[in-house]
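Chain and residue survey
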Amino acid sequence: MGFNCGIIGLPNVGKSTLFNALTETAAAEAANYPFCTIEPNTGRVAVPDPRLNALAALASSKSIIPTYLEFVDIAGLVRGASKGEGLGNQFLGNIREVDAIAHVLRCFEDSEITHVDGDVDPVRDAATVETELMLADIDSLERRMATLVKKSRGGDKDAKADLALMEKIFAHLSYGLPARSTKNLTGDEALRLPQLQLLTAKPVLYVCNVAEGDAASGNEYCQHVAEKAAAEGAAYVIVSAAIEAEIVQLDEADKAEFLVELGLEEAGLARLIRAGYSLLDLLTFFTVGPKEARAWTVGKGARAPQAAGVIHTDFQRGFIRAETIAYDDYMSYKGENGAKEAGKLRIEGSEYEVADGDVFHFRFNV
């Protein structure tokens, strides 16, 4: 099951530097000029979760396998991208393929790194990108609505329903508001919204890229972004791409010392990855044994058979039941046997909704 988060933003905001640090590779060339990233680079990163290590220690697991999240480094956008300026068509096409957006905003001053607009203003930069995405969505809806009008006049019920949904979103976009914030949708329309593949319907995480000295507490620029995020019901994280690029070169002992010196409890990338994971509305369940302790990903609302299917399609096809222990119970009672003796092991059927931290053992028959 693939979940990915596209890293976007204006040129020279630190996207590729951040991506390189995320994936601990030099796959994306970081350079001080627009469009240094021409093809999107994709990297899989482990989702930090201390629960997995704790479970593995308790079960004496020989190997530990985390769950992963994909990040895609996408070329920088310029004004006019919705009309094909710069690498606009490619940029918009790449965004359309990701599940969520990590929007990197420059929140640092540096006279040696040029800004496409001449000065630093992250809220303006966010608006520039979002405007291009909204214009692209408006253009897409106009073309599709013209086709649906003809079909709906011919009595096509599905066309009528789609047209009604698109008209609501089109009106919302026309007021300069992203599709994801449309409020007057019915339950069915809300479920169908993702199928329209609109750029501004994707969930967004704002990433404030700051100088080293602001990594612990942010700065005035970050405060403006925080206010914007709060107004939209969005999330934001503060990261120093420069620091993260240094951290990935250190061993664990030096890394810990470096973070202490900077007044940081953990690397910013850990916060970014977890925020991206949350942005995608995901949760983690575990399988634990002497051979391995492993984390798995499902979307919120997934049922037990779907979780079983993430491990193997046969598990879902022949699902019988799930033997389930909550993470806190597994730890409190020192493992599966202790939890079972305390009556904390539950037998769940096909309608059980997976909870974050569940430790599963699936029973199936194919």
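Residues numbered from 1 in each chain as written. Predicted model: local features only at pLDDT ≥ 70, side-chain atom pairs only at ≥ 80, totals over all residues. Heavy atoms only, no water.

Section: the overall build of the protein
The number of helices and strands found in the protein is 14 helices and 12 strands. Here the C-alpha atoms of the protein give a radius of gyration of 23 Å, agreeing with the 21 Å that 2.2 N^0.38 yields for 366 residues. Across its three principal axes, the protein shows a C-alpha extent of roughly 65 × 65 × 35 Å. Looking at the protein as a whole, 48% of its 366 residues are labelled buried. With the model as given, the accessible surface of the protein reaches about 17,600 Å², and the carbon-plus-sulfur share is 50%. Here the protein contributes 36 positive and 54 negative side-chain charges, whose respective centroids are spaced 10 Å apart. (Helix = DSSP H or I, 4+ residues; strand = E, 2+ residues; numbered from the N terminus. Rg over C-alpha atoms; globule rule 2.2 N^0.38 Å. Buried < 20%, exposed > 50% of the residue type's maximum accessible area, 1.4 Å probe, protein only. Areas by Shrake-Rupley, 256 points an atom, 1.4 Å probe, with all protein chains shown as cover. Lys, Arg positive; Asp, Glu negative; His and termini not counted. Charge placed at Lys NZ, Arg CZ, Asp CG, Glu CD.)

Regarding the pairing of strand β8 (residues 282-288)
Burial analysis of β8 places 6 of its 7 residues in the buried class, which makes it a mostly covered element. Bridging between β8 and strand β9 (residues 292-299) involves 7 bridges; their strand directions are antiparallel. Of the residues in β9, the one forming a bridge with Phe 286 is Ala 295. The antiparallel hairpin formed by β8 and β9 contains 3 residues in its connecting segment. (Pairing = 2+ DSSP bridges.)

Thoughts on the environment of Glu 261
For Glu 261, the position within the fold is in helix α9 (residues 252-262). On the accessibility criterion, Glu 261 (57% relative accessible area) is exposed. Residues Glu 261 and Leu 52, 209 residues apart in the sequence, show an inter-C-alpha distance of 28 Å.

Comments concerning empty space enclosed by the protein
Throughout the structure, instances matching the rule amount to 1 cavity of 30 Å³ or more. Considered as a void within the structure, the largest cavity measures approximately 70 Å³ in volume. Ile 8, Ile 101, His 103, Ala 126, Val 129, Glu 130, Leu 133, Arg 180, Val 204 and Tyr 206 together form the lining of the largest cavity. At the level of elements, β5 (100-106), α4 (122-153) and β6 (204-209) are the ones that each hand at least two residues to the lining of the largest cavity. For the lining of the largest cavity, the element with the highest residue contribution is α4, accounting for 4 residues. For the lining of the largest cavity, the per-class residue count stands at 7 nonpolar, 1 polar and 2 charged. (1 Å grid on protein atoms, 1.4 Å probe; cavity = no way out; pocket = protein on both sides within 12 Å on 5 of 7 lines; lining within 4 Å. Points joined across faces, edges and corners; volume = space filled by probe spheres on them. Nonpolar A, V, L, I, M, F, W, Y, C, P; charged D, E, K, R; others polar.)

Considerations on the packing of helix α1 (residues 15-23) against helix α10 (residues 268-279)
The relative placement of two packed helices is expressed as an angle between their axes plus a distance between the axes. The contact between α1 and α10 brings their axes to 11 Å, and the two run at 90°. One way to sum up the angle between α1 and α10 is to call them roughly perpendicular. Across the interface between the two elements, Leu 18, Ala 21 and Leu 22 of α1 pack against Leu 269, Leu 272 and Ile 273 of α10. Its residues assigned to classes, the contact of α1 with α10 comprises 6 nonpolar, no polar and no charged. (Axes fitted to C-alpha atoms, helices over the stretch in contact; angles between N-to-C directions. Parallel < 35°, antiparallel > 145°, perpendicular 65-115°, else oblique. Contact = heavy atoms within 4.5 Å.)

Focus on the nonpolar core
With 51 residues, the main nonpolar core has Leu 18, Leu 22, Leu 69, Phe 71, Val 207 and Leu 272 as its most contacted residues. The element that contributes the greatest number of residues to this core is α10, accounting for 6 residues. In this structure Leu 69 touches Phe 3, Gly 43, Arg 44, Val 45, Val 47, Ile 273, Gly 276, Tyr 277, Leu 280 and Leu 282, once residues within four positions along its chain are discounted. Membership of the second largest hydrophobic core comes to 16 residues, among which are Ala 159, Ile 169, Leu 185 and Leu 198. (Core = buried A, V, L, I, M, F, W, Y, C linked by side-chain atoms within 4.5 Å.)

Notes on the environment of Ser 174
Inspection of the secondary structure assignment puts Ser 174 in helix α5 (residues 157-174). On the basis of relative accessible area, Ser 174 is assigned to the partly exposed category, the value being 47%. Spatially, the C-alpha atom of Ser 174 lies 21 Å from that of Ala 229, the residues being 55 residues apart in sequence.

A short note on the sheet that holds β6
Spatially, the 6 strands line up as an open sheet ordered β2-β4-β1-β5-β6-β7, and their pairing is mixed. The open sheet terminates on both sides in strands that have one partner only, identified here as β2 (41-46) and β7 (235-239). Between one strand and the next, the sheet's axes are offset by a mean angle of 25°, whatever the strand orientation. In this structure, β5 lies alongside β6, joined through 6 bridges in parallel fashion. Its bridge partner being in β6, Ala 102 is matched across the sheet by Leu 205.

Examining helix α2 (residues 50-59)
Among the residues making up α2, those that are buried are Arg 51, Leu 52, Leu 55 and Ala 56. Take α2 and look down its axis: the buried residues cluster within an arc of 135°, on one side only. Looking at α2, the residues exposed on the side facing more than 90 degrees away from the buried face are Pro 50 and Ala 57. For α2, the elements touching its buried residues are β3 (63-65), β8, β9, α13 (327-332) and β12 (359-364). Immediately downstream of α2, the backbone of Ser 60 shows phi near 55°, a positive value. (Arc of directions from axis to C-beta.)

A short note on unusual backbone geometry
One non-glycine residue with positive phi stands out, namely Asn 12, at about 65°. Relative to the assigned elements, Asn 12 resides in the loop between β1 (4-8) and α1. Overall, the relative accessible area of 12% leaves Asn 12 in the buried class. With a phi close to 60°, Asp 281 is a non-glycine residue in the positive phi region. By the element assignment, Asp 281 lies in the loop between α10 and β8.

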